[in-house]
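# Structural overview
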Amino acid sequence: MGHEMFTGTGFLWMLLIGVILVAPTWRLCQRIGYPGPLGLLILVPFANIGLLYFIAFAPWKTKSKSSGT
């Protein structure tokens, strides 16, 4: 039995995993005040670990809401 039927699915799996990883990281970078494309680093080996440390320990540039009182 040949596996010709499954030859194109490797690309689809990589695309799916990429979307699953990049979309939340992109949004997280935007919410903490950094550019969204910084989230693409999650796809680069070893840079993804650096990105997680950067997000964890860098000062977040979020806007503080004033209470008005």
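Only a predicted model underlies this, so the values are computations on that prediction, with no experimental measurement involved. What you see as residue numbers is a count from 1 along each chain, following the sequence as written. In view of the model being predicted, local features appear only for residues whose pLDDT reaches at least 70, and side-chain atom pairs are presented and counted only at 80 or more, with totals across whole chains, interfaces and linings using the full set of residues. With hydrogens and water stripped out, all remaining heavy atoms of the structure feed into the side-chain values.

## Describing the overall build of the protein
In this description a helix means any DSSP run of H or I spanning at least four residues, a strand means any run of E spanning at least two, and both kinds are numbered starting from the N terminus. Scanning the protein from N- to C-terminus turns up 2 helices and 0 strands. Working rule for contacts: check all heavy atoms of both residues, and any pair within 4.5 Å makes them a contact. Long-range contacts, defined as pairs at least 24 residues apart, comprise 31% of the intrachain contacts of the protein with a sequence gap of at least 6. Every accessible area reported is derived by Shrake-Rupley at a probe size of 1.4 Å, with residue values counting cover from the shown protein chains alone. By element, 73% of the accessible surface of the protein is carried by carbon and sulfur atoms, the whole surface being about 5,800 Å².

## Some words on the packing of aromatic side chains
Aromatic rings from Phe, Tyr and Trp, with only the six-membered ring used for Trp, were paired whenever their centres fell within 6.5 Å, and each pair was classed as stacked if the ring planes differed by under 30 degrees, edge-to-face if by over 60, and tilted otherwise. Taken as a whole and judged by the stated rule, the model has 2 aromatic pairs. Look at Tyr53 and Phe57: their rings are 5.9 Å apart centre to centre, the planes differ by 25°, and that puts the pair in the stacked class. Pair noted here: Tyr53 and Phe57 are both in helix 2 (residues 47-57), with a separation of 4 residues, about one helical turn. For the residue pair Tyr53 and Phe57, the accessibility class agrees, reading exposed in each case. Relative accessible area decides the class of each residue, using a 1.4 Å probe on protein chains only: under 20% of the type maximum gives buried, over 50% gives exposed, and in between gives partly exposed.

## Quick word on helix 1 (residues 9-31)
The first and last C-alpha atoms of helix 1 sit 33 Å apart over 23 residues, in line with the 33 Å expected at 1.5 Å per residue. Here helix 1 has its buried residues at Gly18, Val22, Thr25 and Cys29. Once helix 1 finishes, Gly33 follows within two positions and takes phi at roughly 100°, a positive value. To estimate how far a helix should extend, the number of its residues minus one is multiplied by 1.5 Å.

## Describing the side chain of Thr25
Summarising the element assignment, Thr25 is placed in helix 1. You can call Thr25 buried: its relative accessible area is 10%. Apart from residues no more than four positions distant in its own chain, Thr25 is found in contact with Gly39, Ile42 and Leu51.

## Side note on unusual backbone geometry
Notably, Phe46 is not glycine yet its phi reads approximately 70°, a positive angle. On the secondary structure map, Phe46 appears in the loop between helix 1 and helix 2.

## A closer look at the nonpolar core
Within soluble globular proteins, side chains that are nonpolar tend to cluster in buried spots. Remark: nonpolar core denotes a set of buried residues (Ala, Val, Leu, Ile, Met, Phe, Trp, Tyr, Cys) joined through side-chain atoms within 4.5 Å. Val22, Cys29, Ile32, Tyr34, Ile42, Leu51, Ile55 and Ala58 form the largest nonpolar core, which has 8 residues in total. Among the secondary structure elements, those contributing two or more residues to this core are helix 1 and helix 2. Filtering out sequence-adjacent residues up to four positions away, Val22 remains in contact with Leu40, Ile42 and Leu43.

## Regarding the environment of Ile42
Along the polypeptide, Ile42 turns up in the loop between helix 1 and helix 2. Along the backbone, Ile42 and Gly18 are 24 residues apart, and their C-alpha atoms lie at a distance of 8.9 Å. Among all residues touching Ile42, those that are not within four sequence positions of it are Leu21, Val22, Thr25, Asn48, Leu51 and Leu52.

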